[in-house]
Amino acid sequence: MSLYQTQKLLYQLNKDVQMQASFLADHEAIMNNFKLTQEEHDALVNKDIGLLYILGVNGQILMHFAAMCGLAWPEYIQAMRDALAIHGNVRTGLYVTTDGKGAV
Amino acid sequence: MSLVFAGVCSHAPGITGRAHMADPDDKETLYSAFDDMREALEASKPDALIVIAAEHFANFFMNNMPAYCIGAADEYEGPIEDPKWLGIERRLIPGNPELSKRIIAKVMKDVDVAYAEEWKFDHGISVPLHFLTPEYELDIIPVNINCQGPPLSPLHRAWAFGQALRKACDEVPERIAIVATGGISHWPATPDSGKINEAWDKEFLQRWCAGDKDALLSYTDEETWQDAGQGGFEIRAFIAISGATIGSQAKVHYYRPIPIFAVGCTTGWVDL
Ligand SMILES: [Fe+2]
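Residues numbered from 1 in each chain as written. Chains lettered and ligands numbered in written order. Predicted model: local features only at pLDDT ≥ 70, side-chain atom pairs only at ≥ 80, totals over all residues. Heavy atoms only, no water.

### Let's talk about the sheet that holds strand 8 (residues 175-181) of chain B
All names here are of chain B. Rule in force here: Should DSSP find at least two bridges between two strands, the strands are taken to pair. Numbering of helices and strands runs from the N terminus, with a helix taken as a DSSP run of H or I at least four residues long and a strand as a DSSP run of E at least two residues long. All axes here are fitted lines through C-alpha atoms, helices being fitted over the stretch that makes contact, and every angle between N-to-C directions spans 0 to 180 degrees. Contacts: residue pairs with any heavy atoms within 4.5 Å of one another.
Read from one edge of the open sheet, eight strands run 6-3-7-2-8-1-10-9, paired in mixed fashion. Both edges of this open sheet fall to strand 6 (114-116) and strand 9 (250-258), since each of them pairs with a single strand only. Each neighbouring strand pair of the sheet contributes to a mean axis angle of 20°, computed without reference to strand direction. Packing of helix 2 (residues 24-43) onto the sheet brings it into contact with strand 1 (2-9), strand 2 (48-53), strand 8, strand 9 and strand 10 (263-270), and relative to strand 9 it is tilted by some 160°. Taken strand by strand, helix 4 (residues 97-107) contacts strand 2, strand 3 (68-71), strand 6, strand 7 (139-145) and strand 8, and its axis lies near 155° from that of strand 3.

### Comments concerning unusual backbone geometry
Residue and element names in this part refer to chain B. Note that the residue after G78, namely P79, is joined by a cis bond; omega there is -5°. Secondary-structure assignment places P79 in the loop between strand 4 (75-78) and helix 3 (83-86). Positioned with a positive phi, A189 is a non-glycine residue whose angle comes to about 55°. Within the fold, A189 resides in the loop between strand 8 and helix 7 (198-210).

### Quick look at the packing of aromatic side chains
Residues and elements named next belong to chain B. So the rule is basically this: Two aromatic rings, drawn from Phe, Tyr or Trp (for Trp, its six-membered ring), form a pair once their centres lie within 6.5 Å of each other, and the interplanar angle then sorts them: stacked below 30 degrees, edge-to-face above 60, tilted otherwise. Each residue gets one of three labels from its accessible area relative to the maximum for its type: buried under 20%, exposed over 50%, partly exposed in between, using a 1.4 Å probe on protein chains only.
All chains considered together, the criterion is met by 17 aromatic pairs over all chains. Each ring, one from F57 and one from F61, has its centre 6.3 Å from the other, and the planes form 65°; the classification is edge-to-face. For the pair formed by F57 and F61, the shared burial category is buried. Look at F204 and Y219: their rings are 5.9 Å apart centre to centre, the planes differ by 50°, and that puts the pair in the tilted class. With F204 in helix 7 and Y219 in the loop between helix 8 (213-216) and helix 9 (221-228), the pair connects residues that are 15 residues apart, well separated along the chain. Residue class for Y219 comes out buried when judged on its relative accessible area of 10%.

### Quick word on the interface of chain A and chain B
Under the convention used in this document: Salt bridge criterion: a side-chain nitrogen from Lys or Arg within 4 Å of a carboxyl oxygen from Asp or Glu. A 3.5 Å cut-off defines polar contacts: any pair of N or O atoms within that distance qualifies, except that in protein one atom must be a possible hydrogen donor and the other a possible acceptor, and neighbouring residues in sequence count only when both atoms are side-chain atoms. Just so you know the grouping, Ala, Val, Leu, Ile, Met, Phe, Trp, Tyr, Cys and Pro go in nonpolar, Asp, Glu, Lys and Arg go in charged, and all remaining residues, Gly too, go in polar.
Contacts between chain A and chain B engage 33 residues on the former and 34 residues on the latter. Linking chain A to chain B there are zero salt bridges. On the surface where chain A and chain B come into contact, there are six residue pairs in polar contact (both at pLDDT 80 or more). Elements with a minimum of two residues in the side of chain A that touches chain B: helix 1 (3-14), helix 6 (59-68) and helix 7 (73-87) of chain A. Among the elements that take part in the side of chain A that touches chain B, helix 7 of chain A stands out by supplying seven residues, more than any other. Its residues assigned to classes, the side of chain A that touches chain B comprises 18 nonpolar, 10 polar and five charged.

### Observations regarding the pairing of strand 3 of chain B
Residues and elements named next belong to chain B. On strand 3, burial covers both faces: Y68 and I70 on one face and C69 and G71 on the other are all buried. Direction of pairing for strand 3 relative to strand 7: antiparallel, over a ladder of three bridges. Opposite Y68, over in strand 7, you have I145 as the bridge partner.

Below you can see the structure in the form of structure tokens.
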């Protein structure tokens, strides 16, 4: 489990426009700098916002990556709800859902 | 000179970023409440504005997370968010490093704080400033209390921090305003986004208006997380204002749960 590394990558990406361009052009070059599990690596490559949520990425970090990936707000919320149905609840951290039924 | 204004307001990114998705009455009444707050702030003729905001991984991460940090830059950039997503243009905001450092040194007599000569604003500061200082002419001193994740500073330390900040304000010749920003109950950036515990919010705000120290400090983080969500940890910002204004009554001027903004939107200030 290297949630810390996944979040660190996203934290840096969120505030660095140049890194965002590099990530979109050649994501492996960015990801080599972080110790990620295969599942985390694939979730980032596939821009699988739902799975990143399940892995425990803090919402205040994930919502920016979701926006960067072009998800509108309702799509972002829906991606997390869909992931809960597929994977079950968040595996670790504070962002475990309490009911998943908030009103968008 | 002294503290000339102390208030609180919401900072949820949806307030500006998703304004087009809101019920017009929700949007208009909230925006006009922000206008009222701006007028009250301006009437106090501040020389500088301290914004106590829970930030959201714009500057600080778990590699080096301060419990409390005060900015001391001559200018700040913000918002870090995509300007279109947040609905606020990216720009430079003036700071006052000399005043910051005097205040930091005074606060340190009572509470250990980190300081930062570089700081980028996220929605926690950018949304309030968009409404409260729309000309961006007032010097800003940003303050962060870590409200993102444990280990979190205990509530009684947020109170003590507010007290220390008040002492510092009273010891400098400038007229200082403080605005603390944050949510009350909310589940931001989760599948529960839009859930708001109105009863919990109202109880909290009642304690905040009364400056009831024992009642304000009695919440445990576990209870707050259960009843008020991940965003509920931001009550630390409100509590710092109470610590800074002991003995004064505060008033909530606007409160309305607005699910599309993901929080019970609030403005309030203290009768100093
Ligand atoms: Fe917040």
